[in-house]
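Fold and contact review
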Amino acid sequence: ELKERLAEFRRSRGYTLRELRDRIERATGEQIAISYLSALERVDRSPTVETLTRIAAGYGVSVRDLLGPVASVEEPAYSSAFQAMAQRRNLSPVEQ
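Here is what the cut-offs are and how they apply
Residues numbered from 1 in each chain as written. Predicted model: local features only at pLDDT ≥ 70, side-chain atom pairs only at ≥ 80, totals over all residues. Heavy atoms only, no water. Salt bridge = Lys/Arg side-chain N within 4 Å of Asp/Glu carboxyl O. Helix = DSSP H or I, 4+ residues; strand = E, 2+ residues; numbered from the N terminus. Phe/Tyr/Trp six-rings, centres within 6.5 Å; stacked < 30°, edge-to-face > 60°. Buried < 20%, exposed > 50% of the residue type's maximum accessible area, 1.4 Å probe, protein only.

Here's the deal with the pattern of salt bridges
- Taken as a whole, this structure holds six salt bridges when the rule is applied.
- Residues Arg54 and Glu30 are paired through a salt bridge, measuring 3.5 Å at the closest nitrogen-oxygen approach. Here Glu30 lies in the loop between helix H2 (17-28) and helix H3 (34-42) and Arg54 lies in helix H4 (residues 49-59), a separation of 24 residues in the sequence.

A short note on the packing of aromatic side chains
- The tally for this structure, following the rule as stated, stands at two aromatic pairs.
- Measuring from centroid to centroid gives 4.7 Å for Phe9 and Tyr59, while their planes differ by 70°, and the two rings are edge-to-face. Placement of the pair is Phe9 in helix H1 (residues 2-12) and Tyr59 in helix H4, with a sequence separation of 50 residues. Here Phe9 and Tyr59 have matching classes, each one buried.

Focus: the environment of Glu1
- Within the secondary structure layout, Glu1 lies in the segment before H1.
- Taking C-alpha positions, Glu1 is 8.3 Å from Asp44, a pair spaced 43 residues apart along the chain.

The following block contains the structure:
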């Protein structure tokens, strides 16, 4: 989740919320409240792209780097469950 990613990113760099806020302000000239940064790490919030861009600038990275790698798309869980059920019942996965 985004909140865990943001918290992990900040902690891995050893920044306090205050230090992050100050870095964002120096990099962008914009202010973000410490309480808002904290809420992003604790509560399910959907920050704007503009906010994510400011946070990334505070770290000196791209938004893509901030958000991390995109998870690979996997088959839905029901697909493997359906296949197992079909095997137990001696059915082909696709009936024609």
